[in-house]
Amino acid sequence: MNTIPRVVLRLASVLILASTPALTFAAEENLFDEYRQMMADDNPAQLAEMQGEEYWKTAGGPKKQTLQGCDLGLGPGKTQGAYAVLPRFFADAGRVMDLETRLIWCMTTIQGRDPAELSGKAFSKQGQPTTDLEGLTTWIAGQSRDRVLAVPVDQPQVRAAFEEGKRLFFYRAGPYDFSCASCHSQSGKRIRLTSLPNLTTHDGAVSAYTTWPTYRVSQGAARTMQWRMVDCARQQRLPELIVGSPVTVSLLTYLAASANGGKMAAPGLKR
């Protein structure tokens, strides 16, 4: 039996036995780390990356333009290292943007696409093809692999977004009186098989932020950080967040800046 099938079988055993006290949290995490390492060169997110690169270079939208004139913060068309310096303030848009928000802006202004449609259909449902935004985000994030995360918190607008994101992170709301911190302010916690990184620590922020976008094995899809924000709000039973809204961008600014100095490893691979 070769190595990969053996790891897959061991992974399946974890899914079956996870509810038993005999299998510790540390053992589970070590096994999934092994699984990630074995699959690193064959991450299914590569398919989303290929789609994103193709879309970037292909004319589309009502204006029949490519996105190669889109400025992600390093100059028009430059994608290498761009994800590692986002979110940032964009003078042409007059606001702080993360990658996905900036891409929607470029797809709107350069290609003439409808921003409401892009935001409303930003994410694929389970079993559906990768959306244009998911593919673009995954590919551009991959262009920053091994780059050091350096969100420009010296920009006054970014600093303001960071402080607002920090406030929102600890803000309790909804029928269960949850905040982001309810799940992500303690170490060694989990929900079922999902470990909950402590995002109030630098190491926890690095381990989480630098591995997104990621391929979710349980969903068979590449997922992005905006998706993560929207899904967290859903789990908190809050009103659905709007993709690219100031709330999502502020939260992402807080998380990204908290991970400054970490090395990008996206796209990642998660349960």
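Procedures and definitions
- Residues numbered from 1 in each chain as written.
- Predicted model: local features only at pLDDT ≥ 70, side-chain atom pairs only at ≥ 80, totals over all residues.
- Heavy atoms only, no water.
- Axes fitted to C-alpha atoms, helices over the stretch in contact; angles between N-to-C directions.
- Helix = DSSP H or I, 4+ residues; strand = E, 2+ residues; numbered from the N terminus.
- Parallel < 35°, antiparallel > 145°, perpendicular 65-115°, else oblique.
- Contact = heavy atoms within 4.5 Å.
- Nonpolar A, V, L, I, M, F, W, Y, C, P; charged D, E, K, R; others polar.
- Phe/Tyr/Trp six-rings, centres within 6.5 Å; stacked < 30°, edge-to-face > 60°.
- Buried < 20%, exposed > 50% of the residue type's maximum accessible area, 1.4 Å probe, protein only.
- Disulfide = S-S within 2.5 Å.

Visitor: I'm lost on the packing of helix α9 (residues 202–209) against helix α11 (residues 246–258) in this one. Help?
Guide: Following both chains from N to C, one finds α9 and α11 inclined at 115°, their axes separated by 8 Å at the closest point. As far as their axial angle goes, α11 and α9 are roughly perpendicular. Touching H202, A205 and Y209 of α9 are L252, L255, A256 and S258, all from α11. Split by residue class, the contact of α9 with α11 holds five nonpolar, two polar and no charged.

Visitor: Looking at this structure, how should I read the packing of aromatic side chains?
Guide: For any pair of aromatic rings, geometry is given as the distance between the ring centres together with the angle between the planes. The final tally for this structure, using the stated rule, is seven aromatic pairs. Taking the centre distance of 5.3 Å and the plane angle of 55° together, the rings of F162 and Y254 count as tilted. On the criterion of sequence distance, the pair formed by F162 in helix α7 (residues 156–169) and Y254 in helix α11 is long-range, its members being 92 residues apart. Here F169 and F170 contribute two aromatic rings whose centre-to-centre distance is 5.1 Å and whose plane-to-plane angle is 75°, an arrangement assigned as edge-to-face. A residue is classified by how much of its surface remains accessible, and F170, at 41% relative accessible area, is partly exposed.

Visitor: Explain the state of the cysteines here, please?
Guide: This model, assessed by the stated rule, comprises one disulfide. Paired through a disulfide, C70 and C106 show a sulfur-sulfur distance of 2.1 Å. Where C70 bonds to C106 through sulfur, the torsion about that S-S bond is close to 75°, and the disulfide is right-handed. Within this pair, whereas C70 is found in the loop between α3 (45–57) and β1 (88–90), its partner C106 is found in helix α4 (residues 99–109), the two being separated by 36 residues in sequence. The class for C106 is buried, based on a relative accessible area of 1%. This cysteine, C180, is not joined by any disulfide, and C232 carries the nearest cysteine sulfur, 6.4 Å off. Residue C180 is classed as buried on the basis of its relative accessible area, which comes to 18%. The thiol sulfur of C183 is not disulfide-bonded, and the nearest other cysteine sulfur, from C232, lies at 7.6 Å.

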